[in-house]
Amino acid sequence: MSGTFVGMPAFPAAARDAVRDTTLRGNLRHATHTIRAKRARAVAELDDWERLRQAGKRIKDRTLRHLDRYLVQLEESVTAAGGVVHWAADADEANRIVAELVEATGETEVVKVKSMATQEIALNEALEARGIHAYETDLAELIVQLGKDRPSHILVPAIHRNRGEIREIFAREMGEWGRPAPEGLTDTPADLAEAARLHLREKFLRAKVGISGANFMVAETGTLVVVESEGNGRMCLTLPETLISVVGIEKIVPTWQDLEVFLQTLPRSSTAERMNPYTSMWTGTRDADGPRAFHLVLLDNGRTDTLADEVGRQALRCIRCSACLNVCPVYERAGGHAYGSVYPGPIGAILSPQLRGTGSEIDASLPYASSLCGACYEVCPVAIDIPEVLVHLRERVVEGGEAVREGNKVRLRPAKGHAAERAAMRAARWALTRPGALRTGQRLASHTRRLHPRTLPGPGKAWSGTRDLPPVPAEPFRDWWRRTRGGKDGGA
């Protein structure tokens, strides 16, 4: 996977700075509470929501078990429909393929549909390095690009900005990228949307190359699907002469019937709509309709390694709805930038460390960016047990290793972990496997309990600064049991 955001510290340090930004916290609180309330109402309309959720889980799990077969079927279907399929093992290969395809057209500008995969591989920066300008056309992505910012939410990348900040960005930056903002631009949503529409319209009409991702790929027909709410995606997918789609290999569904499930659950989980205003589907090329050339770049970039982990692979079920972000108390207070990845929030805390590995300080810290409250699991439309994966990844970090595929086997490769936590776990294992030592330690703790501090020293102050340590009982449980049960020892 592409590297972390340049200069980003580990999550604890980044989050500590973020929670001090009262404007950011206010923006996030308002936006996430609004979205989660709307989603809850939309989901409540369906009596069979839980059955749809379990159906989506089963479809995704079956697809992942037979991913090799469905990928071959997809390639055959896309090729038969007139498209060209390219395979990219990592970000560098994907960026090279896309850049060469654009250069082959002779164009130096492309318009883009909102795509997490292209953000993941830093495609815009790679194209810019080769003299190709990529223009984001999603309203929120446009705000982020004009503001020289980074996305902080999967669905609403500019969720950390309020209307006043957006008006200032448009007024200051639009002229440098194309049509300037109208004179006297206000911060009303209608005026901001109209300014964006006028600015983008000239790019849609001029662009010869479009770049997209896809929400789903149907293996049996080679059809790609993009769902969106603004219509910019439809313009990018139909007007250019060449369309290049960069899609993660996990986005496959086997059949059209499988797609039906996700077209019910994704809109409700993401935008709280019964269906998206724009659902675009295309299969290869047609002589009199749409792009003349279609290229599909299938992206691995750590997904195969993730698939090898029997617990962690459930992260690949994700359909990028962002429901988990909107209910997460940690995300609501820290914001998306603190995660140091294009995938923030609970899903980012389990996906990024698997795609990138846990060797860096920030990736080793992400599995700890959670209270394990379980709210993310409750709202996930494909039932990803995010708390389970978080604990699994914490274990990997503590053990100082990360899963790496070598042929048909998986081994642990040394990675940077938490030395203090590893030492504590080893000490606990030693004591819990020696009953005599455990009994002596419990009695010693009880006899000296008046000397125990109420807060932890050193780094432990971060935890105990707002809470007291639980008091040690005057009598260990084992001694109490023997005294009250007639001398019988209740434990080994």
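Conventions adopted
Residues numbered from 1 in each chain as written. Predicted model: local features only at pLDDT ≥ 70, side-chain atom pairs only at ≥ 80, totals over all residues. Heavy atoms only, no water. Helix = DSSP H or I, 4+ residues; strand = E, 2+ residues; numbered from the N terminus. Rg over C-alpha atoms; globule rule 2.2 N^0.38 Å. Buried < 20%, exposed > 50% of the residue type's maximum accessible area, 1.4 Å probe, protein only. Contact = heavy atoms within 4.5 Å. Areas by Shrake-Rupley, 256 points an atom, 1.4 Å probe, with all protein chains shown as cover. Lys, Arg positive; Asp, Glu negative; His and termini not counted. Charge placed at Lys NZ, Arg CZ, Asp CG, Glu CD. Pairing = 2+ DSSP bridges. Axes fitted to C-alpha atoms, helices over the stretch in contact; angles between N-to-C directions. Salt bridge = Lys/Arg side-chain N within 4 Å of Asp/Glu carboxyl O. Expected span 1.5 Å × (residues − 1). Polar contact = N/O pair within 3.5 Å; in protein donor to acceptor, adjacent residues only side chain to side chain.

Caption draft 1: Local environment of the overall build of the protein. Secondary structure summary: the protein contains 23 helices and 12 strands in total. Computed over C-alpha atoms, the radius of gyration of the protein comes to 26 Å, within 12% of the 23 Å expected from 2.2 N^0.38 for 492 residues, which places it in the range of a compact globule. Sorting the 492 residues of the protein into buried and exposed places 50% on the buried side. In the protein, the share of contacts with a sequence separation of at least 24, taken over all contacts with a separation of at least 6, comes to 73%. Of the roughly 23,100 Å² of accessible surface on the protein, 53% is carried by carbon and sulfur atoms. Between the mean site of the 67 positive side-chain charges and the mean site of the 62 negative ones, the protein shows a separation of 10 Å.

Caption draft 2: Just the sheet that holds strand 3 (residues 133-136), in detail. Across the sheet, which stays open at both edges, the 6 strands sit in the order 1-10-7-4-2-3 with parallel pairing between neighbours. At either margin of the open sheet sits one strand with a lone partner, and together these are strand 1 (84-88) and strand 3. The sheet shows a mean angle of 25° between the axes of neighbouring strands, direction not considered. The pairing of strand 1 with strand 10 (residues 293-299) spans 5 bridges and is parallel. Within the sheet, the bridge partner assigned to alanine 88 lies in strand 10 and is leucine 299.

Caption draft 3: Local environment of the pattern of salt bridges. Within the structure shown, the criterion is met by 26 salt bridges. We note a salt bridge from glutamate 165 to arginine 161, for which the minimum N-O separation is 4.0 Å. One salt bridge connects arginine 396 with aspartate 309, and the closest N-O pair in it is separated by 2.4 Å. Taken as a pair, arginine 396 in helix 19 (residues 386-399) and aspartate 309 in the loop between helix 13 (303-307) and helix 14 (323-327) lie far apart in primary sequence, 87 residues in all. For the pair arginine 396 and aspartate 309, a shared accessibility class is recorded, and that class is buried.

Caption draft 4: Region of the structure containing the environment of serine 115. Inspection of the secondary structure puts serine 115 in the loop between strand 2 (109-112) and helix 6 (116-120). Once the C-alpha coordinates of serine 115 and valine 226 are considered, the two residues, 111 residues apart in sequence, prove to be 9.8 Å apart. Beyond its immediate stretch of four places on either side in the chain, serine 115 contacts Ser212, Gly213 and Val246.

Caption draft 5: Region of the structure containing helix 5 (residues 91-105). End to end, helix 5 covers 22 Å across 15 residues, agreeing with the expected 21 Å (1.5 Å per residue, within 8%). All of the buried residues along helix 5 are Ala91, Ala94, Asn95, Ile97, Val98, Ala99, Leu101 and Val102. Of the surrounding elements, those touching the buried residues of helix 5 are strand 1, strand 2, helix 7 (123-129), strand 4 (209-212), strand 7 (242-248) and strand 10. Taking the backbone nitrogen of aspartate 92 as reference, a side-chain oxygen 3.3 Å away marks aspartate 90 as the first, capping residue of helix 5. One or two positions beyond helix 5, positive phi appears at glycine 106, with a value near 85°.

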